[in-house]
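# Observations on the three-dimensional arrangement
Listed below are the residues making up each chain.
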Amino acid sequence: MPHIKTSYKFAILIASIIAAIALAAWYISSHPLAVLAPMGQIGEAQRNLIIVGALLSIIVVVPVFVMTIVIAYRYRESNGRAAYQPTWDHSPLFETIWWGIPCAIILALSIITWQSSHTLDPSRAIASNESPLAIQVVSLDWKWLFIYPAQHVASVNEVALPVGRPVTFSLTSDSVMNSFWIPQLGGQLYAMPGMSTTLHLIADQSGTYFGSPANITGKGFSGMDFTAKALDASDFSQWLATAGRSPHKLDLSAYTALAKPSQDNPTTYYYSSVEDGLYNLIVMKYMLPDISRVTQ
Amino acid sequence: MNNFMQMIFGRLQLTEAFPREPVTAFAAVGMIMTGFLVIGALTYFKKWRWLWKEWLTTTNHKRIGVMYLAVAGIMLVRGLADALMMRTQQATSVGSAHGIVSTDTFQQVFSAHGTIMIFFVAMGFMFGLINLILPLQIGSRDVAFPFMNATSFWLFTGGMILVNVSLMLGGFSSAGWLAYPPLSESQYSPGVGVDYWIWSLQIAGIGSLLSGVNFLVTILKMRCPGMTLMKMPMFVWSVFGAMTLVVFAFPILTATLAMLALDRTFGTHFFTSGGGGNAMMYVNLIWAWGHPEVYILVLPAFGVFSEVVATFSRKRLFGYTSMVVAIWLIVLLSFTVWLHHFFTMGAGADVNAVFGIATMLISIPTGVKIFNWLFTMYRGRIRFTSPMIWFLGFVFLFTLGGVAGVLMAVPAIDFQVHNSLFLVAHFHTMIISGVLFGYFAGLTYWFPKVFGFRLSEKIGRYAAWCWIVGFVVAFTPLYILGLMGATRRLDHYSASLGWQPLFIVAGIGVGIICVGVGLQVLQLLVSIILRARQGKPLNDPWDGRTLEWATTSPPPVYNFAIIPTVTSRDEFWEQKQTKRRPAKPMYQPIMLPKNTPAGLLIGMLAMAAAFGFVWHMWWLVVIGALSAIIVLIAQSARDEQETELSVETIARIEAGEKYA
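Residues numbered from 1 in each chain as written. Chains lettered and ligands numbered in written order. Predicted model: local features only at pLDDT ≥ 70, side-chain atom pairs only at ≥ 80, totals over all residues.

Assigned secondary structure in chain B consists of 22 helices and two strands. For 660 residues, the compact-globule estimate of 2.2 N^0.38 gives 26 Å, and chain B sits close to it at 25 Å. Seen along its three principal axes, the alpha-carbon backbone of chain B occupies a region of about 75 × 65 × 45 Å. Put simply, chain B has 660 residues, and 60% of those count as buried. Within chain B, counting contacts between residues at least 6 apart in sequence, those at least 24 apart form 83% of the total. (Helix = DSSP H or I, 4+ residues; strand = E, 2+ residues; numbered from the N terminus. Rg over C-alpha atoms; globule rule 2.2 N^0.38 Å. Buried ≥ 20, exposed ≤ 12 C-beta atoms within 10 Å, placed from the backbone. Contact = placed C-beta atoms within 7 Å.)

Below you can see the structure in the form of structure tokens.
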């Protein structure tokens, strides 16, 4: 009896799909998805965009899935009662509909894209009563250097930021390309040698967040993730004070030593002073003619 | 003495070049053993002459197509083995554990996986199917330039061999499949790996460019009488679009690779960080080729689906004109979106928004194509053969992957998923369901056309289901992992992130896909063994619609004894409906391209020159390149490129005698 066999197979299929979804739901509920569980307003706006975009897409996805299943089932060869029109190959009405509906959805998405590209432009300052904190970020082989130019401290592989105050990250690299990403605070931006890019982020809740080197940088790539600590005002000044007590000073020779390739570096390392204009020097050194060769 | 050795061997030092790690050494030894096994078998069964005469020196498009498919099939297994290694590494290399391979090997494996899957699997299946079917569909006896076609194939194969030689000698690139500088510059990747990558793609890429020219001319100049552009089968239209892209895009790849090679070999500063170079120029150029490349791969697969859906629904393709417009919109738009691969490199909001919107626009013609296929099925009589199962799998997965793609086209969203496993899952959804499923459907559909017997339907269905289920199990976790903040290309991560269970599930998915590929191999073997049974019905097993089914299966060497005249889009279907029979044939002598070893020679000489470049053996570069040019000139200067088939021979072949 073929139909019994078919429904038995069908039941197994449905059961396994439900089981898989249940398993996935359980797993996601115990491990929040960083991108969908943001801790800052930039990340939140980006999460909301993802949701809006996905909802708009449903307008196309659901009809396609339903139509596929219904058409495939109804016009199967064994169903002799279904209509059969082998030469019907054109319908101005239908074709206008499916050129038109996607066009309308894309028009809506285009408006969203245009607006969000501007409001969430990484280089656009975040509106706030507080003045933004400047942090300069240098991607090295294979660790991250964070310089606080106003506070004259620096840290390696750990970046601290005060909750509720916008942060202006200036990004560069003194090696290959990398990408600076703190998923729970918002989108990433590339750090590239000889160039400086600007990324604005803000943390609205205190916590310790995972920081990712999002672009491959060679041998030590997997070992150069960093920690982003969002601290409330008192904890942040305490963090600055701790860094300020460090015996290490980031002058040019210390920087040269730090910039040498090294893998799986310790998670925290502080400098209590920073050479003036170090960040600009790192960016500009690729722009200048090779001085050593000229003077030879 | 040292100088002399250096002149001969360049920077190749035999003591250092061999693989040291167990996994690579094992693979290298396995590859060499397989080579010996094949050589031994050919010698034992006295097949060398047959191999040389029938295959290696052939200029026949059907033979060349079969060889493309063979290479692509073997490379699929290699690429899948790479995938399995990556997943095993990522499922086991957590916290204090460090997995099965070293960082360097892991990075070589993912670079090789991407390179092989795109250039030698997807491109191989594509050119294979185009070679097999395109001339038949337009009622032609061969492609426009048969010798150039053979040369293309051997350049492609030369590139493929070079990638695999790197496994045994010196190692492959560890800079990812697109080798972004500065990482791929000699300062950060001093070994030979990136050079292997450059030169294997360089010669394979030139082969692809030649193929693009060849098929464009074939479509424009070789159609049979009556086949106006708007009567061409949809597969021909999609190949037309794809080859136009090849002709415009591949020169960019060639130039970009050449500049990177100059940087690495002669110390120029095109893409270096200092010295006035700019790595972002490379990123721009490589994606100006790379994005059209995606559509080069997927358009012919769309063409396959158009043929498959119409045939198995026993109905005309719905919205033919819409489909043609959609193809050319895709061709046009595919050159306007490359910047979406680097929204995250600091372009201004206006630029990002424009490229984001351009990217979304592509989903419109693509969506139209899906609706047209669905309405081809509407009021049809659908047979759920395995090509249709590949098609249905494609519709569901490709639509979901497309949604992910439209989301990523919004720059503000892209910032949160760029370089993450969400992106990896997205493009695998598009390429596996769009490209691979399409070519698997085409392979099953046209296999009896080429070989005269069908592939086993039952095993084919199981294989398709393994691929579909395996795909879902392998890539759903990656979408989730991407949203958890996991990036691509990590060979190790800390346990506290909670990623490991998902990587394990993904690994199981790859295992299921491996079963699918195993079943496909089994399907081929079983079908060959049972070919007498699988060979019925003989010439037109699927109740086909287009010209390729109007000749015998397999077709005679000249495809059509009498060049057909076409009056409608589904010419063969109309012939069957009206029971129109061609009048008693009046044969004319047929000119056929002669066999020549020149294509094989040029491919292998180019490979030798490329190998010389990799190792800085300059004598080999000069000799290889010069000899290739001499062979090319000598072949072109040959007076008799063709041989005539007499009317008697044709009559005998048509009467069913085997062509000797």
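Once you've had a look at it, read on.
Helix and strand content of chain A: seven helices and 13 strands. Radius of gyration (C-alpha) of chain A: 27 Å, far over the 19 Å computed for a compact globule of 296 residues. Its C-alpha atoms put chain A at 85 × 45 × 45 Å along the principal axes. If you take every contact in chain A between residues at least 6 apart in sequence, the share linking residues at least 24 apart comes to 73%.

Our focus in this paragraph is the pairing of strand β1 (residues 133-140) of chain A. Residue and element names in this part refer to chain A. Buried residues dominate β1, accounting for six of its eight residues. With seven bridges connecting them, β1 and strand β5 (residues 167-173) associate as parallel partners. Within β5, the position partnered with A134 by the bridge is T168. If you look at the hairpin formed by β1 and strand β2 (residues 143-148), you'll find two residues sitting between the two strands. (Pairing = 2+ DSSP bridges.)

It is worth spelling out the domain arrangement of chain A at this point. All names here are of chain A. Taken as a whole, chain A is organised into domain 1 (38-76 + 92-120) and domain 2 (133-289). Domain 1 and domain 2 are separated by 38 Å when their C-alpha centres are compared. Grouping the constituent residues of the side of domain 1 that touches domain 2 by class yields three nonpolar, four polar and no charged. (Domains from an automatic or database assignment. Nonpolar A, V, L, I, M, F, W, Y, C, P; charged D, E, K, R; others polar.)

Here the focus is the pairing of strand β4 (residues 158-162) of chain A. Residue and element names in this part refer to chain A. Here β4 lies mainly inside the structure; five of its five residues are buried. Both faces of β4 are covered, namely the face carrying E158, A160 and P162 and the face carrying V159 and L161. Note that β4 and strand β10 (residues 226-231) share five bridges and pair parallel. Within β10, the residue paired with V159 across the bridge is A228.

Residue and element names in this part refer to chain A. The strand order across the open sheet formed by five strands is β4-β10-β9-β6-β7, and the pairing between neighbours is mixed. Whereas interior strands pair on both sides, the edge strands pair on one side only; in this sheet they are β4 and β7 (186-191). Averaged over neighbouring strand pairs, the angle between their axes works out to 25° when direction is ignored. Bridge count for strand β6 (residues 178-182) against β7 is four bridges, and the pairing is antiparallel. Bridge assignment links N178 to a residue of β7, and that residue is A191. Packed on one face of the sheet, helix α4 (residues 233-244) meets β4 and β10 and runs near 140° to β4. (Axes fitted to C-alpha atoms, helices over the stretch in contact; angles between N-to-C directions.)

Moving on, we come to the sheet that holds strand β3 (residues 153-156) of chain A. Residue and element names in this part refer to chain A. In spatial order, the strands read β8-β5-β1-β2-β3-β12; together these six strands make up an open sheet with mixed pairing. Of all the strands in the sheet, just β8 (197-201) and β12 (269-271) have a single pairing partner and so form its edges. Across the sheet, the axes of successive neighbouring strands diverge by a mean angle of 25°, strand direction being ignored. Both β2 and β3 contribute to a ladder of four bridges, which runs antiparallel. The partner of I147 across the bridge, within β3, is A154. Along the sheet, α4 contacts β3 and β12; its crossing angle with β3, the most-contacted strand, is approximately 90°.

What follows deals with the nonpolar core. Counting residues in each nonpolar core, the largest one holds 296 residues, and the members touching the most others are A122, V239, F305, Y439 and A610 of chain B. Residue contributions to this core reach at least three from each of two domains, namely domain 1 (38-76 + 92-120) and domain 2 (133-289) of chain A. Those residues within four positions of F305 of chain B in sequence are excluded, and the remaining contacts are W373, F391, F394, G438 and A441 of chain B. (Core = buried A, V, L, I, M, F, W, Y, C linked by C-beta atoms within 7 Å.)

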